[in-house]
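Structure assessment
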Amino acid sequence: MSDTTQYNALLNEAISQPGYISKCYSVFHDYSIGNQLIAMDQLTRRNLPISPISTYKRWQELGRTVTKGQKAISLVMPVSFNKKDKDGEKTNKVISTFIQRPRWFALSQTEGDDYTPPVVTPNWDSKKALTALEIERVPFEHINGNCQGYATANKVAVNPVAAYPEKTLFHELAHVVLGHTKESLMSDSEQTPKNIKEVQAESVAYILCSILGVGNLDTCAGYIQSWLNGEGVSNKDAQQIFSAANKILKAGQ
């Protein structure tokens, strides 16, 4: 990937390949969902085996060294710096942003002591997630029995007979986390188009269902494509999808 990560390309690749996201998580679970896909993409492009990644220093601690000539993998990481005024003097204004830094190497790029990656079983607790996200789950009261679920303000509801209750919960949580339920208070110019809202929420559900092994991925993918109608999402929209999915996942772990 370039210094400007193409999250929309990563999203398209992940959703179009069944098993891709779950494989990313099983190997790179210590990292954010976005970085998992970034790592997978770089290793694949270099024709390197998909294997756990760590920093040069961490591999040394594990008794392994980076093989000579190997190029580091770049991941996105948060950085903060003190903004300077026109004279070059530091101000009290701290700016936070994300940049891509080449600091990681895959196991397949190292040599030394044997290393067996730990086996990680994905887990997620809805009650824990709702508490952490400060979202309330309320009884389903929609008069349309075909409605699978809905979200308003900081509340979500899931139809008791929803075909895929876990997927529906993820979808509605995503609407809240992405700020869609608060946009009724904004001007029309600030509102996200309905098709993008639905694509974002269902993409979050697809990612989480993939990781946790629930729901029906074919149904998710079909729903996403129906709302896209042959178009794609912007890089910003895709970045928000990864951020929301990561936030919901971490909240329930």
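Structure's up top.
Read on for a plain summary of the structure. As the structure is a computational prediction, the values presented were derived from the model and not from experiment.

What follows covers helix α8 (residues 217–228). In this model α8 runs 16 Å from its N-terminal to its C-terminal C-alpha over 12 residues, within 8% of the 16 Å that 1.5 Å per residue would give. Restricting attention to buried positions, one finds in α8 the residues C220, A221, I224 and L228. Seen from one end, α8 has its buried residues packed into an arc of 95°, which puts them on one side. Of the surrounding secondary structure, the elements contacted by the buried residues of α8 are α1 (7–16), α6 (165–177) and α7 (194–212).

So, on to the packing of aromatic side chains. Applying the stated criterion across every chain yields a total of six aromatic pairs. Arranged with centres 5.0 Å apart and planes meeting at 75°, the rings of W124 and F170 form a pair that is edge-to-face. You can see W124 sitting in the loop between β5 (110–112) and α5 (126–133) and its partner F170 sitting in helix α6, a full 46 residues away along the chain. Relative accessible area serves as the criterion here: at 2%, F170 is assigned to the buried category. Lying across the ring of Y223, K167 places its NZ or CZ 5.9 Å from the centre.

This next bit is on the sheet that holds strand β3 (residues 73–84). Strand order in this open sheet of three strands is β1-β4-β3, and the pairing throughout is antiparallel. The open sheet has two edge strands with one neighbour each: β1 (53–55) and β3. When the angles between neighbouring strand axes are averaged without regard to direction, this sheet yields 35°. In the sheet, β1 pairs with strand β4 (residues 90–106) via three bridges, with the strands oriented antiparallel. Pairing of T55 across the sheet is with W104, part of β4. The strands that helix α3 (residues 33–45) touches are β1, β3 and β4; relative to β3, the one it contacts most, it runs at about 130°.

Where α6 contacts helix α9 (residues 235–251), the axes come no closer than 10 Å and their chain directions differ by 115°. Between α6 and α9, the angle falls in the class roughly perpendicular. Considering the relative orientation of α6 and α9, their crossing is right-handed. Along its contact with α6, which presents F170, L173, A174 and V177, the element α9 presents A244, K247 and I248.

Moving on, we get to the pairing of strand β8 (residues 155–158). Two elements, strand β6 (residues 136–137) and β8, share two bridges in a ladder whose sense is parallel. Bridge pairing links R137 to V156 in β8.

Bringing the sheet that holds β6 into the picture now. Here three strands make up an open sheet; going across it, the order is β6-β8-β7 and the pairing mixed. Lying at the two open borders of the sheet, with one neighbouring strand each, are β6 and β7 (149–152).

On to the nonpolar core. Counting residues in each nonpolar core, the largest one holds 61 residues, and the members touching the most others are I53, V204 and I207. Ranked by the residues each element gives to this core, the list is headed by α7, at nine residues. Setting aside its immediate chain neighbours within four residues, I207 contacts L11, I21, I33, I241, F242 and A245.

The full count for this structure, using the stated rule, is four salt bridges. When the shortest N-O distance is used, the salt bridge between E202 and K167 registers 2.9 Å. Residue E202 is located in helix α7, and its partner K167 is located in helix α6; the two are separated by 35 residues in the primary sequence. Accessibility classification places E202 together with K167 in one group, the buried group.

Here is what the cut-offs are and how they apply
- Residues numbered from 1 in each chain as written.
- Predicted model: local features only at pLDDT ≥ 70, side-chain atom pairs only at ≥ 80, totals over all residues.
- Heavy atoms only, no water.
- Helix = DSSP H or I, 4+ residues; strand = E, 2+ residues; numbered from the N terminus.
- Expected span 1.5 Å × (residues − 1).
- Buried < 20%, exposed > 50% of the residue type's maximum accessible area, 1.4 Å probe, protein only.
- Arc of directions from axis to C-beta.
- Contact = heavy atoms within 4.5 Å.
- Phe/Tyr/Trp six-rings, centres within 6.5 Å; stacked < 30°, edge-to-face > 60°.
- Lys NZ or Arg CZ within 6 Å of the ring centre and 35° of its normal.
- Pairing = 2+ DSSP bridges.
- Axes fitted to C-alpha atoms, helices over the stretch in contact; angles between N-to-C directions.
- Parallel < 35°, antiparallel > 145°, perpendicular 65-115°, else oblique.
- Left-handed = near helix turned anticlockwise from the far one by under 90°.
- Core = buried A, V, L, I, M, F, W, Y, C linked by side-chain atoms within 4.5 Å.
- Salt bridge = Lys/Arg side-chain N within 4 Å of Asp/Glu carboxyl O.

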